Amino acid sequence: ATGSQANAPHPSVQLCRALTALSRGTRELLLRRLLHHEQPSLPAEGSPKGEAHHRHVRLWLCVGSILEVEPGFAEEVVAIVEPALRTAMQLPTRVLLQNVWA
């Protein structure tokens, strides 16, 4: 990747920016996809500078963004955030998870 591609926002960032334009049903499908397919397939978090850590952060930022738009999904999210919080390796991820949980 060169030039403008290196500066292009990650697809998850683009998605989070578009959440308000999506229907509630689409946001619900997206949340379920993140929680039940993407989150279980995350690699071990590893170094705070590594891609695995960034994947964790992007996932939880997306989940948090969805909750800001659809707080009614909180109960479903808490059931997955609590165990993830116990196993999070990096402080930034733990803080992000605590914010999603709150």
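Residues numbered from 1 in each chain as written. Predicted model: local features only at pLDDT ≥ 70, side-chain atom pairs only at ≥ 80, totals over all residues. Heavy atoms only, no water.

Asker: Explain the overall build of the chain to me, using residue names and the numbers behind them.
Answerer: Broken down by element type, the chain carries six helices and zero strands. Its helices and strands taken in sequence order, the chain reads α-α-α-α-α-α from the N to the C terminus. Computed over its C-alpha atoms, the radius of gyration of the chain comes to 14 Å, within 12% of the 13 Å expected for a compact globule of 102 residues. C-alpha atoms of the chain, sized along the principal axes, occupy 40 × 35 × 20 Å. Looking at the chain as a whole, 32% of its 102 residues are labelled buried. Approximately 6,300 Å² of the chain is accessible, and the part contributed by carbon and sulfur atoms is 56%. Side chains of the chain carry 10 positive and 9 negative charges; the gap between the two charge centres is 6 Å. (Helix = DSSP H or I, 4+ residues; strand = E, 2+ residues; numbered from the N terminus. Rg over C-alpha atoms; globule rule 2.2 N^0.38 Å. Buried < 20%, exposed > 50% of the residue type's maximum accessible area, 1.4 Å probe, protein only. Areas by Shrake-Rupley, 256 points an atom, 1.4 Å probe, with all protein chains shown as cover. Lys, Arg positive; Asp, Glu negative; His and termini not counted. Charge placed at Lys NZ, Arg CZ, Asp CG, Glu CD.)

Asker: Tell me about the packing of helix H3 (residues 24–38) against helix H4 (residues 51–69), and name the residues and values.
Answerer: Between H3 and H4, the shortest axis-to-axis distance is 10 Å and the interhelical angle comes to 150 degrees. Put simply, H3 runs roughly antiparallel to H4. Here H3 and H4 pass one another in a crossing that is left-handed. Contacts between H3 and H4 involve Arg 27, Leu 30, Leu 31, Leu 34, Leu 35 and Glu 38 from the first element and Leu 59, Trp 60, Cys 62, Val 63, Ile 66 and Val 69 from the second. Residues belonging to the contact of H3 with H4 are distributed by class as follows: ten nonpolar, no polar and two charged. (Axes fitted to C-alpha atoms, helices over the stretch in contact; angles between N-to-C directions. Parallel < 35°, antiparallel > 145°, perpendicular 65-115°, else oblique. Left-handed = near helix turned anticlockwise from the far one by under 90°. Contact = heavy atoms within 4.5 Å. Nonpolar A, V, L, I, M, F, W, Y, C, P; charged D, E, K, R; others polar.)

Asker: Hey, could you go over the nonpolar core for me, with residue numbers and the actual values?
Answerer: Of all hydrophobic cores here, the largest spans 22 residues; its most connected members are Trp 60, Val 63 and Val 77. At the level of elements, H3, H4, helix H5 (74–87) and helix H6 (91–101) are the ones that each hand at least two residues to this core. Here this core gets six residues from one element, more than from any other, and that element is H4. Setting aside its immediate chain neighbours within four residues, Trp 60 contacts Leu 35, Gln 39, Ile 80, Val 81, Ala 84, Thr 93, Leu 96, Leu 97 and Val 100. (Core = buried A, V, L, I, M, F, W, Y, C linked by side-chain atoms within 4.5 Å.)

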